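Structure at a glance
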Amino acid sequence: MTVSAQLERTHFVVVGAGGLGCPALLGLSAAGARRITVVDPDRVETSNLQRQVLFSVSDVGRPKADAAVWRLRQRIPALRADAQVRALSPDDVDSFLADLSDDAIVLECTDDPHLKFALNDGALRHGTPVVIGAALGLRGQCIAVRAGGACYRCIYETPPDDLPTCASAGVLGVAVGLAGFVMASAAVSLCDTAHARETTGTLLAFDVRDGSMQTLSPRPRADCPACAAAASPRFPTLQATA
Ligand SMILES: [Zn+2]
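This text gives an overview of the structure that appears in the document. All values derive from a computational prediction rather than experimental measurement. In every chain, residue numbers begin from 1 and rise along the written sequence. Residue-level local features of this predicted model are given only where pLDDT is at least 70; pairs of side-chain atoms are given and counted only at 80 or more, and the full residue set underlies all totals for whole chains, interfaces and linings. Derived side-chain values reflect all non-hydrogen atoms in the structure, with water molecules and hydrogen atoms excluded from consideration.

1. Comments concerning the sheet that holds strand β7 (residues 203-207)
Spatial strand order, β3-β2-β1-β4-β5-β6-β7-β8: eight strands in an open sheet with mixed pairing. In the strand order of this sheet, the two ends are held by β3 (80-84) and β8 (212-216), each with one partner. For this sheet, the mean inter-axis angle between neighbouring strands, taken without regard to orientation, is 15°. Residues are treated as being in contact if the distance between any of their heavy atoms lies within 4.5 Å. The axes used here are C-alpha line fits, helices contributing only the stretch in contact, and every angle between their N-to-C directions lies in the interval 0 to 180 degrees. The way it works is that DSSP assigns letters per residue, a run of H or I at least four long becomes a helix, a run of E at least two long becomes a strand, and they are numbered from the N terminus. Where helix α3 (residues 64-75) meets the sheet, it contacts β2 (35-39) and β3, and its direction lies at approximately 170° from that of β3. For two strands to count as paired, DSSP must find a minimum of two bridges between them.

So this is what it looks like as structure tokens:
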């Protein structure tokens, strides 16, 4: 199957339609994705408009998931997109992942570290690839997780107790925008048999101050409980490269 055919077939599930999710959705749709679900419980606020680039003044007060789907369909009428106006909690992750098809890739675009760990662990258990991103200040990062490579928990082990948030520490719009596009690029790479293996477990970290981009390929941690519980990937392209 060609990459473009796999992109059209893949169900991209974007959790969080904020500063990361908006550019990730634009990147996915520009790359050729044609099946997208957007999950977010919040409504658009005026203060969101600068960084959350899918929304405009007329969207203020609407659920972000609905507004994002509407905007994507305006750009690409053939897009099969649906909205889930809901909060995904760490406790819901297993049932959420169990309902996804074998063609699903999840993009974790929230600013909730507990949800990032829960989706990392759950996605490994269910064999669903997940791309996890973050941006803070002038820096951003992204990792694509599936069995066989280092996972988010291999690198960070546990959620931090006192991680600063974008609200408390600030984030430059261009940093979070770049992180979202990098996440879309990583998700697209998972659809490409030629690049899926090298993308898996690779941590991309950038700093917009000096324009640096680091590509780190840590080994899976031998005592990582998430990796120990990992199932074989359900995703077609990854089955071929597992
Ligand atoms: Zn791990």
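2. Some words on the coordination of the zinc ion
Looking at the zinc ion, the protein donor atoms are C151 (SG), C154 (SG), C224 (SG) and C227 (SG), and they sit 2.3 Å from it. Counted as donors are the N, O and S atoms within 2.8 Å of the metal, or 3.2 Å for Na, K and Ca, while water is not among the atoms, so some sites may look incomplete. Between 85 and 135 degrees for all angles marks four donors as tetrahedral; over 155 degrees for opposite donors together with 65 to 115 for all other angles marks four donors as square planar and six as octahedral; every other arrangement is irregular. Around the zinc ion, the four donor atoms sit at angles spanning 98 to 114°, and that spread fits a shape best called tetrahedral. Coordination of the zinc ion draws on donor residues from a single chain, spaced C-x2-C-x69-C-x2-C in sequence. Of this pair, C154 sits in helix α6 (residues 152-156) while C224 is found in the loop between β8 and α10 (225-228), placing the two residues 70 residues apart along the sequence. Accessibility here uses a 1.4 Å probe with only protein chains present; expressed as a share of the type maximum, an area under 20% marks a residue as buried, one over 50% as exposed, and anything in between as partly exposed. Of the residues examined, C154 reaches a relative accessible area of 9% and is grouped as buried. On the basis of relative accessibility, which here comes to 1%, the residue C224 falls in the buried class.

3. A word on the nonpolar core
Soluble globular proteins: nonpolar side chains tend toward being buried together. Side-chain atoms within 4.5 Å are what join buried Ala, Val, Leu, Ile, Met, Phe, Trp, Tyr and Cys residues into a set we call a nonpolar core. One finds F12, L28, F55, L107 and V131 to be the most contacted residues of the largest nonpolar core, which totals 47 residues. Every element with two or more residues in this core is listed here: β1 (11-15), α2 (21-31), β2, α3, β4 (104-108), β5 (130-136), β6 (139-145) and α8 (173-190). Here this core gets 10 residues from one element, more than from any other, and that element is α8. In terms of nonpolar packing, the next biggest core, distinct from the first, is built from 27 residues, L88, F117, A123 and A226 among them.

4. As for the pattern of salt bridges
Within this document, salt bridges are pairs made up of a side-chain nitrogen of Lys or Arg and a carboxyl oxygen of Asp or Glu, the two lying within 4 Å of each other. The final tally for this structure, using the stated rule, is 11 salt bridges. Here K116 and E108 are joined by a salt bridge, their closest N and O atoms 2.6 Å apart. With respect to burial, K116 and E108 carry one shared label: buried. Of the charged contacts in the structure, one is a salt bridge between D121 and R153, with a shortest N-O distance of 2.6 Å. Of this pair, D121 sits in helix α5 (residues 113-126) while R153 sits in helix α6, and the two are 32 residues apart along the sequence. Residue classification places D121 among the buried residues on the basis of a relative accessible area of 14%. By relative accessible area, R153 is classed as buried at 15%. Taken together, the salt bridges that share partners define one network made up of D59, R62 and R71.

5. Observations regarding α2
Two residues of an α-helix separated by three or four positions point the same way, owing to the 3.6 residues in each turn. Buried residues dominate α2, accounting for nine of its 11 residues. Among the residues of α2, those classed as buried are G21, C22, P23, A24, L25, L26, G27, L28 and S29. Structurally, α2 contributes buried residues whose contacts are with β1, β2, α3, β4 and α8. G32 sits one or two positions beyond α2 and adopts a positive phi of about 120°.

6. So, the packing of aromatic side chains
Stacked, tilted and edge-to-face are the three classes applied to pairs of Phe, Tyr and Trp rings, where Trp contributes its six-membered ring and a pair requires centres within 6.5 Å; stacked means planes under 30 degrees apart, edge-to-face means over 60, and tilted covers the rest. Tallying each qualifying case throughout the model produces two aromatic pairs. Taking 5.1 Å as the distance between ring centres and 70° as the angle between the ring planes, the aromatic pair formed by F117 and Y152 counts as edge-to-face. Note that F117 is positioned in helix α5 and Y152 in helix α6, a separation of 35 residues in sequence. Residue classification places F117 among the buried positions, given a relative accessible area of 3%. For Y152, a relative accessible area of 8% translates into the label buried. Centroid distance Y152 to Y156: 5.0 Å. Interplanar angle 55°. Geometry classified as tilted. Here Y152 pairs with Y156, and both are found in helix α6, just four residues apart, close to one helical turn. Overall, Y156 belongs to the partly exposed group, its relative accessible area being 33%. Clustering of aromatic rings is evident, with ring pairs tying together F117, Y152 and Y156.

7. Some points on the packing of α2 against α3
The geometry of α2 relative to α3 is characterised by a closest axis approach of 11 Å and an angle of 30° between their N-to-C directions. Classified by the angle between their axes, α2 and α3 sit roughly parallel to one another. The handedness of the crossing between α2 and α3 comes out as right-handed. Where α2 abuts α3, its residues L25, L26 and S29 lie against A68, L72 and R75. Here the nonpolar group is Ala, Val, Leu, Ile, Met, Phe, Trp, Tyr, Cys and Pro; Asp, Glu, Lys and Arg are the charged ones; every other residue, Gly included, is treated as polar. Of the residues assigned to the contact of α2 with α3, the class counts are four nonpolar, one polar and one charged. Angles are sorted into four bins: roughly parallel if under 35 degrees, roughly antiparallel if over 145, roughly perpendicular if 65 to 115, and oblique for all others. Note: crossing handedness is left-handed where the near helix turns anticlockwise from the far helix by less than a right angle, and right-handed where it turns clockwise.

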